[in-house]
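Residue-level listing of the chains:
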Amino acid sequence: MTEMPNVLWLEEISKDDIPSVGGKGASLGEMTSVGLPVPKAFVVTAQAFRKFLVETGLEDSIFTLLSDLDVDNNDALEEVSKSVRDIVLGAKMPEGIKEEVLAAYGSMGDGKMVVAVRSSATAEDLPDASFAGQQETYLNIKGDADVIEAVQMCWASLYGARAVYYRAKQGFDDRTVNIAVVVQQLIRSEKSGVMFSSHPVSGEPLTIIEGSWGLGEAVVSGSVSPDKYVFDRRLKRVVDRLISNKEYMIVPIGEKGTELVEIPKDRQDEPVLSDAEVTRLTEYARISEEHYGVPQDLEWGIVGDTIYILQSRPITTIGVNNTHAAPSAPVGAQGAVILEGNGASPGVAGGPVIIVHDVKDLGKVKDGDVLVARMTNPDMVPAMRKVSGIITDEGGMTCHAAIVSRELGTPAVVGTKTATKTLKNGQMVTIDGEKGLVFEGAATVSAPAQAAPATQAAGAAVAAPAPVITATSVKVNVSLPEAAVRAAATGADGVGLLRIEHLILGMNKTPGWFIKNGKEEEFISELYTGIKTVLDAFPGKPVWVRTLDAPTDEFRNMLGGEDEPDEHNPMLGWRGIRRDLQSEAQFKMQVDAFKRLWDEGYDNLGLMFPLVSHPDQFIRAKELIASWGVNVDEVDLGIMIEIPACAILIEDFCKAGVSFASFGTNDLIQYTIAIDRNNELVSPMYWPKHPAVLKLIHDAIAVCRKYHVECSICGQAGSDPKMVEWLIENGITSVSANIDAVPKIRGTAAKTEKRLILDAVRAKNAGEWNI
């Protein structure tokens, strides 16, 4: 049997060579064979890497370190990863391998060729497990010494903490995973980006292209918000485009490495691609998909009129997202637009209308219906779990319908004003939950939308986010235990808001009913089970649970609701911590559930008190919790900043010993500017960035930083990229976003942090130069 060489050229490689050249190398070889414009490259094979381990005697020491590693212990993972990488980098590459690599490099351009050196793991880019981004890439490499160094750094990156963790979770044995390295001519792209040959979730023949100026790493890393183009291969034309403001690009610097530079102002809003270029790129994507037989994720670059395809790998997320809807544009929807509102939960779905006027109508709701209501409330959650879509007359992005729909993965359009009057029971409609449109007739997307079992829809995994690391903690908001797995799949750093109202309201009995009928244990057990489900989905990560904050009108239709007071304005009434402090038995049932979890070792559980207006309320709540057997010095107790009084008195709260504070901007904005966000008559005046609101937030962040109190945000503003950018600029250390927004907010945080660092370095360098 012929021994596999240490070096192979792309022309010698096919898809059958993955064990030797890795997924990336095999893909480049295949693309070359079918005539796609791939830059010249050779691959340092996995056999060369294995020879390196054997000839240097590193195998045993490396795998001994990795064999007993608990990858869920982050400190141990980081420590072992660094030790292994140091071992690999500290060893000398065998002369035979080194000579072959340099000979191949020399033949590319007399040793002066500028190249990209990319890792290609042998378990990478397989149809069911994309390892993209787990190993490293080094750009703008030139010269013998730098090429050898970059190859060895790629080898070491096989043992990066993220790569070791991912392999363990995917069931790959570290001993069986090798790494190849692609050394490829660097294309100094004038414009570049990524594209999906088909829709990455639904699989529809919609080619989605993202692009920006400079090298493609700006798009891949999230350093820039790229332009987006959607080409419908059925219609053979561009059907959608979004031209973004592109502030930065990545370019080669000198003879080694790259740098992030500001794009000239006159080009920041200029479209990157012409329709002709989009069409040409789509054709290359089609060729790649047809060759491989599965949709592809491709990287591309353009120099002048020449397009280069730099990478192609399978899309691994098709069919993984929620099963309620096809999350694409409503291509094929029947009929005209009959209603417009706010797109509150993305996706496209259709079905027969069922109008719900009150709780008595809930029994009529069937699987696959489109629920239409003036406004939803917690009583409707069981019905909302069944339906394929939701439409309301009132509400905005922060209303109950929007929040629950996003967690269930159900498309929703809110604030249409007239849905309950315009639509009729049984009428077939299609909704686009991203654009806020309702169409006449049922959708003809890839399959008729139909409701999935609630546990499946809410628990379904979402597409894995890009592996972006941020200093800002990016948490997620959760309302329903069945959404915990889907929330955790976003890669969030914890739960910044777990609302327990839906757990309690889902029991269909008020807390007072349980107390009155001696059924406290039933209440405690139900609450304990629901919270535990979320805690189990986020091991070792903070989960901040907000104590009960349901207005009295939400209790009225439940058993025991007859005992609820009739309040003229429940929003300003008997709710939040003020009710718990006056209804100690109700508060104690909640605390008993929390105490069981703490006693079982769930020390990542933190409590958050809502609607506090004075430090005395926090102090009294803490005293009660202590009197019920909780060691309050060993648990995290925090507050929601929802009332201007709380923001103004934040220093007193810090002195009172709060562990953390989180802005509930939905209420803070309303209380500050006196606007009911769910009242369509005044909702256009709802202004999240009102100067008074921003001043309250800015000042409170500064005080929390002074007292080393973690400061976060969990209102709708935490899902707004522009607001998150402002918050990070003003010193916030944590944000909590809706499930569907976590990847986007993570990208925003990373981009903002990089820009702030770059600005600081520029300012420092400018100052030193002036000196």
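Relevant structure appears above.
So, here's what we can say about the structure. (Residues numbered from 1 in each chain as written. Predicted model: local features only at pLDDT ≥ 70, side-chain atom pairs only at ≥ 80, totals over all residues. Heavy atoms only, no water.)

### With respect to the overall build of the chain
Stated precisely, the cut-off is as follows: Helix numbers and strand numbers start at the N terminus; a helix is a DSSP run of H or I with at least 4 residues, a strand a run of E with at least 2. Three labels apply to residues, based on accessible area from a 1.4 Å probe with only protein chains included: buried if under 20% of the type maximum, exposed if over 50%, partly exposed otherwise in between. Working rule for contacts: check all heavy atoms of both residues, and any pair within 4.5 Å makes them a contact. Note that accessible areas follow from Shrake-Rupley with a 1.4 Å probe, and for residues the cover is restricted to the protein chains shown.
Secondary structure assignment for the chain yields 27 helices and 29 strands. Counting only residues that meet the buried cut, the chain has 57% of its 771 residues in that class. Across the chain, every contact between residues at least 6 apart in sequence was considered, and the portion connecting residues at least 24 apart equals 68%. Accessible area of the chain: about 30,800 Å², with a carbon and sulfur share of 52%.

### Considering the nonpolar core
Here is the rule we go by: Think of a nonpolar core as a cluster: buried Ala, Val, Leu, Ile, Met, Phe, Trp, Tyr and Cys residues, connected wherever their side-chain atoms sit within 4.5 Å.
Ranked by size, the top nonpolar core spans 112 residues in total, and within it Ile531, Phe609, Ile639, Ile650 and Phe663 carry the most contacts. Top contributing element to this core by residue count: helix H25 (residues 691-706), with eight residues. With near-sequence residues (within four places) excluded, Phe663 lies in contact with Ile641, Leu668, Ile697, Ala700, Ile701, Cys711, Ser712, Ile713, Cys714, Gly715 and Ile732. By size, the runner-up hydrophobic cluster in this structure holds 45 residues, among which are Val80, Val101, Met113 and Ala156.

### Topic: the side chain of Ser189
Secondary-structure assignment places Ser189 in the loop between strand E5 (179-185) and strand E6 (191-196). Here Ser189 falls in the buried class, since its relative accessible area comes to 9%. Contacts of Ser189, omitting those with residues within four sequence positions, involve Gly214, Leu215, Gly301, Ile302 and Val303.

### Considering the packing of helix H18 (residues 520-537) against helix H20 (residues 584-599)
What describes two packed helices is the angle between their axes and the distance between those same axes. Under the convention used in this document: In this analysis, axes come from line fits to C-alpha atoms, helices being fitted only over the stretch in contact, and the angle between any two N-to-C directions falls in the range 0 to 180 degrees. Comment on the angle field: the value is read as roughly parallel under 35 degrees, roughly antiparallel over 145, roughly perpendicular from 65 to 115, and oblique elsewhere. Crossing chirality is assigned from the near helix's rotation relative to the far helix, an anticlockwise turn below a right angle marking it left-handed and a clockwise turn marking it right-handed. Charged means Asp, Glu, Lys or Arg here, nonpolar means Ala, Val, Leu, Ile, Met, Phe, Trp, Tyr, Cys or Pro, and polar covers whatever is left, Gly included.
At a closest axis distance of 9 Å, the pairing of H18 and H20 adopts a crossing angle of 45 degrees. Classified by the angle their axes make, H18 and H20 are oblique. As for the relative orientation of H18 and H20, their crossing is right-handed in sense. Contacts from Glu520, Glu521, Phe523, Ile524, Leu527, Tyr528, Ile531, Lys532 and Leu535 in H18 reach Met589, Gln590, Asp592, Ala593, Phe594, Arg596 and Leu597 in H20. For the contact of H18 with H20, the class distribution of residues is 10 nonpolar, one polar and five charged.

### A word on the sheet that holds strand E17 (residues 370-373)
As a reminder of what qualifies: When DSSP locates at least two bridges between a pair of strands, those strands are taken to pair.
Strand order in the open sheet formed by eight strands is E14-E21-E20-E16-E17-E18-E19-E15, and the pairing between neighbours is mixed. Among the strands making up the open sheet, the edge pair consists of strand E14 (337-340) and strand E15 (342-345). Strand-to-strand twist of the sheet, defined as the mean angle between neighbouring strand axes without regard to direction, takes the value 30 degrees.

### Examining the environment of Asp432
Relative to the assigned elements, Asp432 resides in strand E20 (residues 428-432). In sequence terms Asp432 and Asn342 are 90 residues apart; their C-alpha atoms lie 10.0 Å from each other.

### Some points on the sheet that holds strand E1 (residues 7-9)
In spatial order, the strands read E1-E2-E5-E3-E4; together these five strands make up an open sheet with antiparallel pairing. The open sheet has two edge strands, E1 and strand E4 (137-141), and neither has a second partner. Sheet twist, expressed as the mean angle between neighbouring strand axes with direction ignored, is 20 degrees. Summarising the sheet, strand E2 (residues 41-44) and E5 pair through four bridges and their orientation is antiparallel. Looking at the pairing, Val44 lines up with Val181 of E5. Seen against the sheet, helix H5 (residues 95-107) touches E1, E2, strand E3 (115-121) and E4 and runs at an angle of roughly 25 degrees to E1.

### As for the environment of Ile639
Take Ile639: it is sitting in strand E26 (residues 636-641). Among the residues examined, Ile639 registers a relative accessible area of 0% and is labelled buried. Placed 27 residues apart in sequence, Ile639 and Val612 show a C-alpha to C-alpha distance of 7.1 Å. Leave out the neighbours within four places in its chain, and Ile639 touches Met608, Phe609, Val612, Phe618, Cys646, Ile650, Phe653, Val658, Phe660, Ala661 and Ser662.

### Quick word on the environment of Glu79
Position of Glu79 relative to the elements: it lies in helix H4 (residues 74-90). Distance from Glu79 to Ala161, taken between C-alpha atoms, is 8.7 Å for residues 82 residues apart in sequence.

### A look at helix H21 (residues 615-627)
Heads up, the condition is: By definition here, a helix of n residues has an expected span of 1.5 Å times n minus one.
Taking 1.5 Å as the rise per residue, H21 with 13 residues should run 18 Å; its terminal C-alpha atoms sit 19 Å apart, in good agreement. The secondary structure elements touched by the buried residues of H21 are helix H19 (576-582), H20, strand E25 (605-609), E26 and helix H23 (650-655). Positive phi shows up at Gly629, right after H21, with a value of about 95 degrees.

### Focus: unusual backbone geometry
The backbone of Leu611 shows a phi angle near 60 degrees, a positive value even though the residue is not glycine. With respect to the element layout, Leu611 can be found in the loop between E25 and H21. Residue classification places Leu611 among the buried positions, given a relative accessible area of 1%.

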